[in-house]
There are 2 protein chains.
Amino acid sequence: MIERTRLIGIDPGLRFTGWGVIDVEGNRLMHVADGVIATDGDEPVPARLCALYDALTALIQTHKPTEAAVEETYVNRNGSSTLKLGYARGVALLAPALENLTVAEYGAMAVKRAVVGTGAATKDQVEMMVRRLLPTATISRADASDALAVVICHAHHRASTLRVAQGQRSASARAWGGRS
Amino acid sequence: MIERTRLIGIDPGLRFTGWGVIDVEGNRLMHVADGVIATDGDEPVPARLCALYDALTALIQTHKPTEAAVEETYVNRNGSSTLKLGYARGVALLAPALENLTVAEYGAMAVKRAVVGTGAATKDQVEMMVRRLLPTATISRADASDALAVVICHAHHRASTLRVAQGQRSASARAWGGRS
């Protein structure tokens, strides 16, 4: 019998955080759930971070994934935007780690390569492939598609990622343990 | 009888996070404790964020402050450093907010002005004034001095800050509620 593993993908942002949960059984991917966590732009930042943290923690406790994959976004915008994205990513890395999930990060190129086959793929091509691989996905916003893309990427890289966690290195994937 | 309020100041960083706890009674400031939370640079980032979160939460639960002040750092370094600082600041804003503290942020200029009297003060001048105002402070590293400086700034601005929390605005201080 092939082991079934549940994974969550997160595409963090202070305004919208996409998430997607899938099951992996050998080479088979099965969609479980996906969606977007929105925080109120009129609320103060600490309250928005609490809302994001509470929502991610509730999702993890509901769906019980054992591994998380977070999109590693690089930004060229101003320092203030980068800092705010950093807050959201900090919370997106913290919440699964506090729930004892393994947390892996993947850059945009690695995600595109894993999902479409080329690091030069467009957003539309990524979403089309996500919909093809996971036909029951909802994808109410592009953020959910990005979260499913990073978790598909993690499913493909898991074998090598798990090796990384055991002390080896890879250019495209870093697997990180939770709280020790 | 004048009410005594306990405040915590936090100067966040992924490597070193300074913290300082003081009591305020009218215009009197009393040092309670200060220190630095260090995370292991060899550990994966999610584990370091967990360590920072756990340490801040333990400090808050031990000393029971009711308000937090966080230094609002602006960085001119590269995007990757800004993003990492963002992770630590995200956790430094989240931890007190999850414990239902009011969280206020102050920029470096506002802190210098409150502690030394001029926004052009040097780091050494700030530390000297912190040691003069709080003679029993330990200040094992400059980060602890910065955390005490931001909490002194908050003590000075509290009256106006509390007005801000009630709907008004100020250029130097923003007071933010915890989780709603």
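So, a few notes on the structure that sits alongside this text. Remember, it's a predicted structure, so these values are computed and weren't measured experimentally.

**So, the overall build of chain A**
Summing up its helical and strand segments, chain A has five helices and six strands in all. In chain A, the succession of helices and strands from N to C terminus is β-β-β-α-β-α-β-α-α-α-β. A buried classification covers 56% of the 180 residues belonging to chain A. For chain A, restricting intrachain contacts to residue pairs at least 6 apart in sequence, the fraction spanning at least 24 positions comes to 62%. For chain A, the exposed surface amounts to about 8000 Å²; the carbon and sulfur share of it is 48%.

**Brief notes about the nonpolar core**
A general tendency of soluble globular proteins is for nonpolar side chains to be buried together. Core analysis: the biggest nonpolar cluster contains 60 residues, and Leu 49, Tyr 53 and Leu 94 of chain A together with Leu 49, Tyr 53 and Leu 94 of chain B have the highest contact counts within it. Aside from chain neighbours lying at most four places away, what touches Leu 49 of chain A is Leu 14, Tyr 87, Ala 88 and Val 91 of chain A together with Gly 90, Leu 93 and Leu 94 of chain B.

**Regarding the relation of the copies chain B and chain A**
Aligned on chain A, chain B shows an RMSD of 0.0 Å; the corresponding rotation is 180° and the shift along the axis is 0.0 Å. Expressed as a symmetry operation, the mapping of one chain copy onto the other fits a two-fold axis. When each C-alpha of chain B is compared by its distance to the rotation axis, Gly 86 of chain B comes out closest, at 2.0 Å. A share of 100% of interface residues in chain B that are also interface residues in chain A marks the association as one of identical surfaces.

**Remarks on the pattern of salt bridges**
Counting across every chain of the model gives 18 salt bridges over all chains. For the salt bridge of Asp 23 of chain A with Arg 6 of chain A, the shortest nitrogen-to-oxygen distance reads 2.7 Å. Of the two residues, Asp 23 of chain A is situated in strand S2 (residues 16-25) and Arg 6 of chain A in strand S1 (residues 4-11); the sequence distance between them amounts to 17 residues. Look at Asp 23 of chain A and you get buried, because its relative accessible area is 5%. Overall, Arg 6 of chain A belongs to the partly exposed group, its relative accessible area being 26%. In this structure, the salt-bridge partner of Glu 25 of chain B is Arg 28 of chain B, at a minimum N-O distance of 3.8 Å. Among the charged side chains, a network of salt bridges with common partners joins Arg 4, Arg 6, Asp 23, Glu 25 and Arg 28 of chain A.

Reading guide: rules and limits
Residues numbered from 1 in each chain as written. Chains lettered and ligands numbered in written order. Predicted model: local features only at pLDDT ≥ 70, side-chain atom pairs only at ≥ 80, totals over all residues. Heavy atoms only, no water. Helix = DSSP H or I, 4+ residues; strand = E, 2+ residues; numbered from the N terminus. Buried < 20%, exposed > 50% of the residue type's maximum accessible area, 1.4 Å probe, protein only. Contact = heavy atoms within 4.5 Å. Areas by Shrake-Rupley, 256 points an atom, 1.4 Å probe, with all protein chains shown as cover. Core = buried A, V, L, I, M, F, W, Y, C linked by side-chain atoms within 4.5 Å. Least-squares fit on C-alpha atoms with pLDDT ≥ 70 in both. Salt bridge = Lys/Arg side-chain N within 4 Å of Asp/Glu carboxyl O.

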